[in-house]
Amino acid sequence: MDYLAENLLTILILLPVFGALATLGYALVWKQESSLKWITLGFTVLNFLISLFLVADKGAISASGFYFEKNIPWIKAINTNYHVGVDGLSIWLVVLTTFIMPIAIVSTWQAVERRATAFYVFLLLLESAMIGVFVSLDLLVFYLFFEASLVPMFFLIGIWGGENRIYAAVKFFVYTALGSLLMLVAIIALYYLHFAQTGIGTFDYVTLVNSLKTGTLIFSKETGLLLFGAFALAFAIKVPIFPFHTWLPDAHTEAPTAGSVVLAAILLKMGTYGLMRFNLVLFPEASRELAWLFIVLAIIGIIYGALVAMVQPDVKRLVAYSSVAHMGFVILGIFSFTEMGMQGALYQMLSHGIATGALFLLVGFIYERRHTREITEFGGLANVMPIYATIFVITTMASIGLPFLNGFVGEFLIMIGMWTSTALQSVNGWNMNYIATMLAGTGVIFAAVYLLWMVQRVFFGKITNAKNKGLKDLSWREIGLIAPLVFLMVFMGVYPKPFLDTSKTSVLAIRDRIIGSQKGGSFDKAENK
């Protein structure tokens, strides 16, 4: 058990890689692609079961505040280490990743007929890279995993996507790769700034944070803003924040079902995780200085994403634009700099991954039957597919934020956090935090409009298209696939305490970092009320 605890995160990263090698080796030797899905599923399920040790028994926390920490030299010439660990900020994101991957695999059971070997290999490599992103505590290692996650998704969209898959794949890759290059420049700059002031160059996140806290590493306001901007641009594109969102609807629409599920549930969270882990902690002054900008862009994204979703003729594209709106709420919570707002943001990351991932699965189910996603092609589906309609409505309600479902908890905490925030200054007696909260609240109303309108047109009324009369309801495989997600929607909506308790310490540490560097200012006064 000690060996497992010491190497648990390494096992979680490497097991999917071994699975990819096993899948490739089996295909080359036995040349039977029909068995590949079982091999891939076996490795992803095993990885999920192992990841449960993260929450079952965290063990002793390290001096740096991380669990299951491992720090060994990697490239001594540049003083970079293989440094991994989890805390309350990342632990549930790792479990979410390992939980979603088996579901993504099973969703492709009958959908992938060509190049199945490559498809499953890319999914396994993608899982490894995403876990690496959430556990890396060395900036260079983080960057390598961050970029590595682009390659499998690029091929998943470009080879197994829809009619415009090449365009969507290239757009996805260009946006995210070019945005990340500035982050690499900032990482190198931090290395040399630390070297210039301490005589030791390092990419280690914990070392950099400790140097900043003790005053060993200091940089000017202008330098902090530039470094913050370089990191923030990479993460803003990944989220995506308005106006960097244009790659997302194309990628979602053209991606295969498994790709859309992974993209919505996990990949987008890498951006918001990065903002909380790196931007807020490494650059607290710049975070406060530019909080207003991110709050404004978040509100624009919430309203814009909802309004554009209303006019989408394609169900999958509608869900894609809903992600722009929902992730806007996450950004709002992060930059509220309140405990409730930031807790809500982290919770909303998990809730969005569950509910929107389920929506993409459900859209994939109907696409396999009709090979169309146009809303006008449907109508009255509840008459022939009652189980499908029931589950779709429950998932839609979770996405809207109905009380007792998971979407409500995160959005409620975010809006309370923003309402009590001091991130925005009053203007002519107007409390801008109140106004920001009220504007964001319209997004909840708009979400009900575009999602319920879509449900009405697709499921209720008379069957207007003869092709829909013979549609079969969900199979036992599909019910088993969606059931765990529906269970989590209800469980997280009724009993959020285990998730919030786990993340509380880490969220408070980030908040203390934000307000601790401005003692006596508005943040400090708000904290002491």
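Bear in mind that the values here come from a model prediction, so they are computed numbers and not experimental data.

Moving on, we get to the overall build of the protein chain. Regarding its fold elements, the protein chain presents 22 helices and two strands. For 529 residues, the compact-globule formula gives about 24 Å, and the C-alpha radius of gyration of the protein chain, at 23 Å, lands near that figure. Counting only C-alpha atoms, the protein chain reaches 70 × 65 × 40 Å along its principal axes. For the protein chain, with 529 residues in total, the buried portion stands at 60%. Summing over all exposed atoms, the protein chain offers an accessible surface of approximately 20200 Å²; the carbon and sulfur share of this is 67%.

So, on to the packing of helix H16 (residues 339-370) against helix H20 (residues 476-494). Running from N to C, H16 and H20 point in directions that differ by 155 degrees, and their axes come no closer than 10 Å. The angle between H16 and H20 places the two elements in the roughly antiparallel class. The element H16 and its partner H20 pack so that their crossing is left-handed. Mapping the contact onto sequence places Tyr347, Leu350, Ser351, Ile354, Ala355, Ala358, Leu361, Leu362, Phe365, Glu368 and Arg369 in H16 and Arg477, Glu478, Leu481, Ile482, Leu485, Leu488, Met489, Met492 and Gly493 in H20.

As a further point, take the packing of aromatic side chains. Summed over the entire model, instances satisfying the criterion amount to 36 aromatic pairs. With a centroid separation of 5.0 Å and an interplanar angle of 10 degrees, the aromatic rings of Phe122 and Phe155 are classed as stacked. In this pair, Phe122 sits in helix H5 (residues 116-135) while Phe155 sits in helix H7 (residues 150-160), placing the two residues 33 residues apart along the sequence. Owing to a relative accessible area of 32%, Phe155 belongs among the partly exposed residues under this scheme. For the cation-ring pair, Lys238 lies above Phe146, with the distance from its terminal atom to the ring centre recorded as 4.9 Å.

All right, on to helix H2 (residues 36-51) then. Counted at 1.5 Å a residue, the expected span for H2 with its 16 residues is 22 Å, and the 23 Å between its end C-alpha atoms agrees. Considered for burial, the residues of H2 that qualify are Leu36, Lys37, Thr40, Leu41, Thr44, Asn47, Phe48, Ile50 and Ser51.

What follows is about the confidence of the model for the protein chain. On average, residues of the protein chain carry a pLDDT of 90, and 96% of them reach 70 or more. For the protein chain, helix H22 (residues 522-527) is the element with the lowest average pLDDT, namely 42, and helix H6 (residues 139-148) is the one with the highest, namely 96. Contacts for the low-pLDDT stretch residues 520-529, under 50 throughout, to residues beyond four places or in other chains number 15 contacts.

Within the secondary structure layout, Leu140 lies in helix H6. Look at Leu140 and you get buried, because its relative accessible area is 14%. Once the C-alpha coordinates of Leu140 and Gly379 are considered, the two residues, 239 residues apart in sequence, prove to be 51 Å apart. Not counting the four nearest positions on each side in its chain, Leu140 is found in contact with Ile78, Thr80, Ile187 and Phe203.

Now for unusual backbone geometry. The step from Val239 to Pro240 runs through a cis peptide bond, and the omega angle for that step is -10 degrees. Tracing the chain through its elements places Pro240 in the loop between helix H10 (221-238) and helix H11 (247-254). In this model, Phe242 is joined to Pro243 through a cis peptide bond whose omega is 10 degrees. Topologically, Pro243 is positioned in the loop between H10 and H11. The backbone of Asn79 sits at a positive phi, close to 55 degrees, despite the residue not being glycine. You can call Asn79 partly exposed: its relative accessible area is 32%. At His371, a position not held by glycine, the phi torsion is positive, near 55 degrees.

It is worth spelling out the environment of Leu275 at this point. Tracing the backbone through its elements, the reader meets Leu275 in helix H12 (residues 257-282). The exposure class of Leu275 is buried, given its relative accessible area of 0%. Leu275 has contacts with Ala232, Phe235, Val239, Ile241, Leu280, Ile331 and Phe335, leaving out every residue within four places of it along the chain.

Taken together, the six bridges between strand E1 (residues 67-75) and strand E2 (residues 80-86) define a ladder with antiparallel strand orientation. Looking at the pairing, Tyr67 lines up with Val86 of E2.

A few words now on the pattern of salt bridges. Summed over the entire model, instances satisfying the criterion amount to ten salt bridges. Asp314 is the partner of Arg373 in a salt bridge, and the nearest nitrogen-oxygen pair spans 3.4 Å. Taken together, the positions of Arg373 in the loop between H16 and helix H17 (386-400) and Asp314 in the loop between helix H14 (291-310) and helix H15 (315-334) put the pair 59 residues apart, joining distant regions of the chain. Residue Arg373 is classed as buried on the basis of its relative accessible area of 15%. With a relative accessible area of 9%, Asp314 lands in the buried category. The shortest N-O distance in the salt bridge between Arg369 and Glu478 comes to 2.8 Å. One end of the pair, Arg369, is in helix H16; the other, Glu478, is in helix H20, with 109 residues separating them in the sequence. For Arg369, a relative accessible area of 23% corresponds to the partly exposed category. By relative accessible area, Glu478 is classed as buried at 3%. Residues joined in a network through salt bridges with shared partners are Lys171, Asp250 and Arg317.

Time to look at the pairing of E2. Successive side chains on a regular strand alternate, one facing one side of the sheet and the next facing the other. Counting buried positions along E2 gives seven out of seven residues, so the element sits mostly inside the fold. Side-chain alternation along E2 places Thr80, Tyr82, Val84 and Val86 on one buried face and Asn81, His83 and Gly85 on a second face that is also buried. Connecting E1 to the antiparallel partner E2 that follows it, the hairpin turn spans four residues, and Asn79 within it adopts a positive phi of roughly 55 degrees.

Time to look at the layout of surface pockets. There is about 640 Å³ of room inside the largest pocket. The wall of the largest pocket is formed by 25 residues, among which Ala111, Trp160, Gly161, Pro256 and Tyr367 lie closest to the centre. When contributions to the lining of the largest pocket are tallied by element, the ones reaching two or more residues are H11, H12 and H16. Broken down by element, the lining of the largest pocket gets its largest block of residues, four residues, from H16.

In the contact formed by H6 and H10, the axes pass within 14 Å of each other and the chain directions differ by 30 degrees. It follows that H6 is roughly parallel to H10 by the angle criterion. The element H6 and its partner H10 pack so that their crossing is left-handed. The residues of H10 that touch H6, namely those facing Leu139, Phe142 and Phe146, are Phe231, Ala234, Phe235 and Lys238.

Definitions and limits used
- Residues numbered from 1 in each chain as written.
- Predicted model: local features only at pLDDT ≥ 70, side-chain atom pairs only at ≥ 80, totals over all residues.
- Heavy atoms only, no water.
- Helix = DSSP H or I, 4+ residues; strand = E, 2+ residues; numbered from the N terminus.
- Rg over C-alpha atoms; globule rule 2.2 N^0.38 Å.
- Buried < 20%, exposed > 50% of the residue type's maximum accessible area, 1.4 Å probe, protein only.
- Areas by Shrake-Rupley, 256 points an atom, 1.4 Å probe, with all protein chains shown as cover.
- Axes fitted to C-alpha atoms, helices over the stretch in contact; angles between N-to-C directions.
- Parallel < 35°, antiparallel > 145°, perpendicular 65-115°, else oblique.
- Left-handed = near helix turned anticlockwise from the far one by under 90°.
- Contact = heavy atoms within 4.5 Å.
- Phe/Tyr/Trp six-rings, centres within 6.5 Å; stacked < 30°, edge-to-face > 60°.
- Lys NZ or Arg CZ within 6 Å of the ring centre and 35° of its normal.
- Expected span 1.5 Å × (residues − 1).
- pLDDT = per-residue confidence, 0-100.
- Pairing = 2+ DSSP bridges.
- Salt bridge = Lys/Arg side-chain N within 4 Å of Asp/Glu carboxyl O.
- 1 Å grid on protein atoms, 1.4 Å probe; cavity = no way out; pocket = protein on both sides within 12 Å on 5 of 7 lines; lining within 4 Å.
- Points joined across faces, edges and corners; volume = space filled by probe spheres on them.

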